[in-house]
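Results of the structural survey
Below are the chains, spelled out letter by letter.
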Amino acid sequence: MKKEAVRAQELEPLKRIADFAEVVSGYTEEEALQEASRCLQCKNPACIPGCPVGIDIKKFIFQMTQKDYKGAYFTIREKNGFPSICGRVCPAEYQCRKTCVLSKKGLPFASEQAINIHYLERFAGDYGLKNKLKVPVRVDKKLSKFKVAVVGSGPAGLCCAGELSRAGIKVVIFESLHKLGGVLRYGIPPFRLPRDILDFEIDYLKNSGVESIVNFVVGRIKTLDELFSEGYNCIFLGLGAGVPGFLGIKGENLCNVYSANEFLTRVNLMSAYKFPQAHTPVNIGKRAVVIGGGNTAIDAARAALRLQKINGLAPDTAILYRRTEVEMPARRLEIEHARQEGINFQFLIQPIEFIGDEAGFVKKIRCLKCRLGEPDSSGRRRSVPIEGSDFEIDSDLVIIAVGLKANQVLTSVTPQLKTDKYSDVLVNPETMETSIRRVFAGGDIVGGEGTVIEAMGMAKKASEAIIGSL
Amino acid sequence: MEIIKKETLSENTGAKITKLEISSPAIAAKARPGEFVVLMAVEEGERVPLTIVDADKDKGTISLIFQEVGLTTKLLGRLNSKDSLYALVGPLGHPTEIKKYGRVILVGGGVGIAEIYPVAKALKQEGNRVLSILGARAKELLILEEELKSVSDEVYVTTDDGSYARKGFTTDILRELLSKEKYDLVYAVGPIAMMKKVAAVTRGFDVKTVVSLNALMVDATGMCGCCRVSVGKETKFSCVDGPEFDGHSVDWEELEKRNRIYEDKEKHICKLGNLL
C-alpha cells in the first residue's frame with residue numbers, strides 16, 4: 001500500500017498573520033521517520049541530480065530511517081553547509097522533489113506524492129544545530145597559509161567562505177550592510193527563515209574561524225587591487241542581484257509605491273514591523289497591492305498583510321500577476337500559504353499607471369486585462385494585454401516585485417571585470433573565474449536571479465577552483 | 001567608528017547643530033568632496049545619510065555636521081566623545097566634479113552650509129574664483145562662516161529674520177551677483193525649497209547649476225530605490241547616480257513629496273524621542 005506524504009505542521013493562518021513567527025513548524029521525529037520510510041531507496045536515484053549541490057539524498061534519508069540523524073546531518077554537510085537554511089527556503093518542488101521517482105511526471109513542479117526531501121533536510125539540519133554538531137576542519141598545512149576575500153555575505157558568499165575555511169584557508173567576508181546574510185537577511189522574512197536559524201548558521205561559520213567585516217563596500221572603500229595588495233590570494237564575488245526592477249510606467253515615483261526590495265529591507269533587515277521600538281518606519285496600506293509572481297512578491301504580500309493585522313487594520317492585500325497561477329515562478333507552498341492567509345490573487349492583469357492624490361500618495365492603479373499568448377523563451381506562456389480593457393483598482397500601498405538586476409557598485413568601478421548586457425559578471429563556467437585572474441564569482445551576480453541553492457552550487461564550484469589554483 | 005571630538009555649533013532651542021569628528025581611517029583615506037556616509041546611531045536605529053564635511057587622512061578621522069531634527073539626529077546628539085556609532089559605511093555617492101570652472105558661486109542654506117564647505121575648499125584649491133552665499137534662519141543658526149571665509153574669495157550672508165548680516169534669502173544675493181557678472185557654475189545645498197529657488201533663479205541666467213539632494217535612503221548602495229528622484233524625465237537613484245544632479249532637471253515637487261512620506265511616523269517617534 002502506498003503511504004501518504006507527511007505534511008509538516010503549520011501555524012493556524014489566522015493566528016500566524018498576527019506576527020512574524022515561523023509558519024512551518026517542521027517535522028517531529030515520528031513524522032520525519034514516517035516520511036523517510038516512504039523513500040524507495042532507488043537503485044539509480046533521480047533526486048540527486050535534481051539537487052544543485054548534489055546532496056546524497058538517498059544516503060541521508062536511509063540514515064534517517066536508521067535514526068542516525070548525526071550521520072544524516074554529516075552526509076548533507078558534505079555537500080551543503082547550510083541545511084537548516086536550505087531545508088526552509090529551497091524550492092524543492094522544482095528541484096530534487098520534481099525529479100523524485102514518486103512525483104507525477106509532466107508537471108511543471110513536483111506532485112504531492114514526491115518525498116518531502118526539504119523537510120527531512122531541515123529536520124537533520126536542525127538536529128545538527130541543536131546538538132552543536134561540528135564538521136571537522138581539514139588541516140592542510142599547504143593551504144593554511146592562503147587568504148581569500150569573499151565579497152558579499154549572501155548565500156553564495158557564505159557558502160564559498162564555508163567551503164574554503166573547511167579546507168583550512170583563511171577567509172575574510174566583506175559585507176556592505178551592517179549585518180551578515182545578504183538576501184537571507186534583507187529579503188527573506190523571518191516567518192520563512194527565523195533569525196535565530198540564520199544567526200546560528202552564520203555563527204557556525206564565525207566559530208570555525210571565518211572573519212567578517214561589515215559596513216564595507218568593496219569598490220568604494222577598497223578596490224580589488226587594494227585587496228590583492230593586502231595579501232589576499234584570491235577574491236570571490238558574491239555581489240547578488242540587488243537592484244530592483246521597476247515597471248517604467250507613469251506615477252511610479254508616487255509616495256507609497258515601493259520596490260519589494262525596499263519594503264522587505266525595511267521590514268526584515270531594519271525590523272520596521274517593530275516600529276517604533278525599531279526606528280525605521282514603513283507605511284502600511286489599507287489596501288495593499290503587490291505586483292509580480294515570484295517568491296519576492298509573495299514574501300512582500302505576506303509581510304504587508306501581517307503589518308495590516310499587527311496595526312489593527314483589516315487584512316486586505318492582493319497580488320496582481322500578468323499571467324496565471326501555473327506560470328507563477330513562486331514556490332507552490334508559498335502560494336498556498338499566502339492564499340490560506342487571505343492574500344487575494346488576481347491574474348491576467350497588468351498595471352499601466354499609478355494615480356495619486358495631491359500630497360503625492362498613490363490612490364489608484366490603472367490596469368489592463370491580459371490573455372495568455374504563445375510561450376516565451378522561458379517556456380511559460382506570455383501575457384498579452386487586451387486593448388481597451390482598462391480598469392482601475394483602489395490601492396494606497398503598492399509594492400513592485402518584478403525582478404532584480406545586478407548590483408553595479410563594484411563592476412562600475414572595475415572596468416577590467418567583464419560583464420554581459422545585463423551587467424552580470426562573465427565567468428568561465430568550469431571554474432567560475434572572471435575576466436580578472438584570481439577573481440571568482442558566483443550567485444545572482446553571475447546567473448541573474450536564481451535560488452539560494454543555485455547560488456551555493458556556483459559558490460561550491462568556485463571554491464573548488466580556488467583551492468585548485470592555490 | 002569612535003567619536004573623537006564633539007562640538008556644538010549652534011544651540012538654538014529646537015535647532016541644535018552639532019559637529020562630530022569620527023575615527024574612520026579607511027573612509028578618511030578615500031573620502032572626496034561631495035561624498036557621503038550612512039550611519040546608524042544605535043542598533044535599533046535608522047540608516048541615515050550624511051555628507052562628509054571634512055576628512056583628515058593623517059588623523060584618520062572624518063567630520064559630520066547635523067541638525068537635531070528627528071529621532072536619529074537626536075540620538076546622535078546624545079553621543080559624546082569616546083562613544084561609538086553602531087554602524088558607519090562609506091564613502092558613498094559620486095564625488096563632486098572638481099576642476100577649473102572659472103567663476104563659481106556656492107550657495108549653502110542651514111546645515112547645507114556644512115556641505116558646501118568641502119566643495120568650496122576643493123574648488124578654491126583648483127584655482128577657481130569662489131563666492132559663497134550662506135543663509136540661515138537666524139544669527140544663532142549660522143555655522144562655519146569663518147571656515148567658508150578661509151576658502152572663499154567672497155562670502156555673503158543672509159538671515160531670514162535679519163538678526164545678522166542681510167535680511168532675506170540666499171537667492172536675493174544670487175540674483176544680484178548673476179545680474180552683474182557671468183558665472184560658470186552655481187553649486188547649491190540646503191533645504192529643498194532653497195535649492196528649487198536657486199535653480200529657478202539660475203535658469204534665467206543660463207548658468208550650470210549643480211545641487212546635492214537629501215533624499216531618504218536605506219541601504220544607499222542602489223538596492224532599494226527609496227531615494228529615487230525624477231531628473232529630466234528619467235528615474236535616478238540619489239545614492240548611486242547622485243547625490244548631485246543638474247538642478248534645472250530635478251522634479252522638485254516630487255522630491256518634496258517623497259521626503260514627507262514618513263511625516264506622520266516621524267512625529268510619532270519624535271514624541272517618543274522627547275521622552276529620552
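What counts, and at which threshold
The numbering scheme is per chain: residues are counted from 1 as the chain's sequence reads. All chains are assigned letters beginning with A, and all ligands numbers beginning with 1, in the order in which they are written. Local features in this predicted model are restricted to residues of pLDDT 70 or higher, and side-chain atom pairs are both shown and tallied only at a pLDDT of 80 or more, whereas totals for entire chains, interfaces and linings draw on every residue. What counts as a helix is a DSSP run of H or I of at least four residues, what counts as a strand is a run of E of at least two, and both are numbered from the N terminus. In this description the radius of gyration comes from C-alpha coordinates, and the expected globular size is given by 2.2 Å times residues to the power 0.38. Partly exposed residues are those whose C-beta has more than 12 but fewer than 20 other C-beta atoms within 10 Å; 20 or more makes a residue buried and 12 or fewer makes it exposed, with C-beta atoms placed from the backbone. By the convention adopted here, residues are in contact when the distance between their C-beta atoms, placed from the backbone, does not exceed 7 Å. If DSSP finds at least two bridges between two strands, the strands pair. Axes here refer to lines fitted to C-alpha atoms; in helices the fit is confined to the stretch in contact. Angles between the N-to-C directions go from 0 to 180 degrees. Classification used: nonpolar for Ala, Val, Leu, Ile, Met, Phe, Trp, Tyr, Cys and Pro, charged for Asp, Glu, Lys and Arg, polar for all others including Gly. If an angle is under 35 degrees, it is roughly parallel; if it is over 145, roughly antiparallel; if it lies from 65 to 115, roughly perpendicular; otherwise it is oblique. Each helix crossing is assigned a hand: it is left-handed if the near helix lies turned anticlockwise from the far helix by less than a right angle, otherwise right-handed if that turn is clockwise. To count as a nonpolar core, a set of buried Ala, Val, Leu, Ile, Met, Phe, Trp, Tyr and Cys residues must be joined through C-beta atoms within 7 Å. Residue ranges for the domains trace back to a domain assignment, done automatically or taken from a database. Here the arc refers to the directions that run from the helix axis out to each C-beta atom.

1. Details of the overall build of chain A
Counting its secondary structure elements, chain A contains 16 helices and 18 strands. In terms of overall dimensions, chain A is globule-like: its C-alpha atoms have a radius of gyration of 22 Å, near the 23 Å expected for 470 residues. Considering only C-alpha atoms, chain A reaches an extent of 70 × 65 × 50 Å along its principal axes. A total of 470 residues make up chain A; the buried ones form 54% of that total. Considering only intrachain contacts with a sequence separation of at least 6, the fraction spanning at least 24 residues in chain A is 69%.

2. Considerations on the overall build of chain B
Along the backbone of chain B there are 9 helices and 16 strands. In terms of C-alpha radius of gyration, chain B reaches 18 Å, essentially the compact-globule figure of 19 Å for 276 residues. Overall, chain B is about 50 × 40 × 40 Å in size when its C-alpha atoms are taken along their principal axes. By the burial criterion, 52% of the 276 residues in chain B qualify as buried. A sequence separation of at least 24 residues applies to 64% of the contacts in chain B between residues at least 6 apart.

3. Examining the sheet that holds strand β6 (residues 234-237) of chain A
Residues and elements named next belong to chain A. Read across the open sheet, the 5 strands follow the order β5-β4-β3-β6-β18; overall the sheet is parallel. Each edge of the open sheet is held by one strand with a lone partner, namely β5 (211-213) and β18 (439-441). Taken pair by pair, the neighbouring strands of this sheet meet at an average axis angle of 20°, ignoring direction. Together, β3 (147-151), β6 and β18 form the strand contacts of helix α16 (residues 452-469), whose direction differs from that of β6 by roughly 175°.

4. A short note on the pairing of strand β14 (residues 381-385) of chain A
Residue and element names in this part refer to chain A. With 4 bridges connecting them, strand β13 (residues 362-375) and β14 associate as antiparallel partners. By the bridge assignment for β14, Arg371 is matched with Val384. What sits between the antiparallel neighbours β13 and β14 is a turn of 5 residues, in which Gly379 has the positive phi angle 85°.

5. Some remarks on the interface of chain A and chain B
Across the boundary between the two partners, chain A contributes 31 residues, which contact 35 residues of chain B. Where the side of chain A that touches chain B is concerned, the elements lending two or more residues are β7 (243-244) and α12 (260-269) of chain A. Here the side of chain A that touches chain B gets 4 residues from one element, more than from any other, and that element is α12 of chain A. Grouping the amino acids of the side of chain A that touches chain B by side-chain chemistry returns 14 nonpolar, 14 polar and 3 charged.

6. Structural notes on the packing of helix α3 (residues 57-65) of chain A against helix α7 (residues 117-130) of chain A
Residue and element names in this part refer to chain A. Contact geometry for α3 and α7: axes closest at 11 Å, N-to-C directions at 60°. Relative to α7, the element α3 is oriented oblique. In this structure, α3 crosses over α7, and the sense of that crossing is left-handed. Together, Ile57, Phe60, Ile61 and Met64 of α3 and Ile117, Leu120 and Ala124 of α7 make up the contact between the two elements. Considering only residue class, the contact of α3 with α7 consists of 7 nonpolar, no polar and no charged.

7. Overview of the nonpolar core
Core analysis: the biggest nonpolar cluster contains 238 residues, and Val148, Phe236, Val290, Ala300, Val398 and Ile399 of chain A have the highest contact counts within it. Not counting residues up to four positions away in its chain, the partners in contact with Ala300 of chain A are Ala260, Phe263, Leu264, Val290, Ile399 and Ala401 of chain A.

8. Quick look at the domain arrangement of chain A
Residues and elements named next belong to chain A. The assigned domain composition of chain A is domain 1 (9-130), domain 2 (147-242 + 406-469) and domain 3 (245-404). Look at where the C-alpha atoms of domain 2 and domain 3 centre, and you get two points 30 Å apart. Each side of the interface is counted separately: domain 2 has 13 residues, and domain 3 has 11 residues. A class-by-class count of the residues in the side of domain 2 that touches domain 3 yields 7 nonpolar, 2 polar and 4 charged.

9. Remarks on the domain arrangement of chain B
All names here are of chain B. As assigned here, chain B comprises domain 1 (3-92) and domain 2 (103-258). Of all the elements in the fold, those that place two or more residues in the side of domain 1 that touches domain 2 are β1 (3-12), β2 (15-23), β3 (36-40), β4 (48-51) and β6 (61-67). Class assignment of the residues belonging to the side of domain 1 that touches domain 2 gives a composition of 12 nonpolar, 5 polar and 2 charged.

10. Brief notes about the environment of Cys100 of chain A
Residues and elements named next belong to chain A. Take Cys100: it is sitting in the loop between α6 (96-99) and α7. Residue classification places Cys100 among the buried residues on the basis of 25 C-beta atoms within 10 Å. Between the C-alpha atoms of Cys100 and Arg380, which are 280 residues apart in sequence, the distance is 23 Å. Once residues lying within four places of it in the same chain are set aside, the contact partners of Cys100 are Ala46, Cys47, Ala110, Ala114 and Ile115.

11. Description of the sheet that holds strand β7 (residues 87-92) of chain B
All names here are of chain B. Strands sit in the order β4-β3-β7 across an open sheet of 3 strands; the sheet is antiparallel. Whereas interior strands pair on both sides, the edge strands pair on one side only; in this sheet they are β4 and β7. Across this sheet, the average inter-strand angle for adjacent strands is 25°, counted without regard to direction. Note: β3 against β4, 4 bridges, orientation antiparallel. Looking at β4, one finds that Val37 is bridged to Leu50.

12. So, the packing of α3 of chain A against helix α4 (residues 69-79) of chain A
Residue and element names in this part refer to chain A. Where α3 contacts α4, the two axes come as close as 7 Å, and the packing angle between them is 170°. Overall, the two elements α3 and α4 adopt an arrangement that is roughly antiparallel. For the crossing formed where α3 meets α4, the hand is left-handed. Where α3 abuts α4, its residues Lys59, Phe60, Gln63 and Met64 lie against Tyr69, Gly71, Ala72, Thr75 and Ile76. Across the contact of α3 with α4, the residue classes break down as 5 nonpolar, 3 polar and 1 charged.

13. Details of helix α5 (residues 170-180) of chain B
All names here are of chain B. Among the residues of α5, those classed as buried are Thr170, Thr171, Ile173 and Leu174. The buried residues of α5 occupy an angular sector of 155° when the element is viewed end-on, so they sit on one face. The exposed set on the far side of α5, more than 90 degrees from its buried face, consists of Glu176, Ser179 and Lys180. On its buried face, α5 sits against β8 (103-109), β9 (129-136), β10 (154-159) and α6 (192-205).

14. What about the environment of Asp316 of chain A?
All names here are of chain A. Here Asp316 shows up in the loop between α13 (295-310) and β10 (317-321). Between the C-alpha atom of Asp316 and that of Ala406, which follows or precedes it by 90 residues, the distance is 32 Å. With residues near it in sequence (within four places) discarded, Asp316 still touches Lys286, Arg287, Ala288 and Gln308.

15. With respect to the environment of Asp299 of chain A
All names here are of chain A. Tracing the sequence through the fold places Asp299 in helix α13. Note on Asp299: 26 C-beta atoms within 10 Å, which makes it buried. Remark: the alpha-carbon pair of Asp299 and Leu264, spanning 35 residues in sequence, is separated by 8.0 Å. Sequence-distant contacts of Asp299, that is, excluding residues within four places in its chain, are made with Ile188, Pro189, Arg192 and Leu264.

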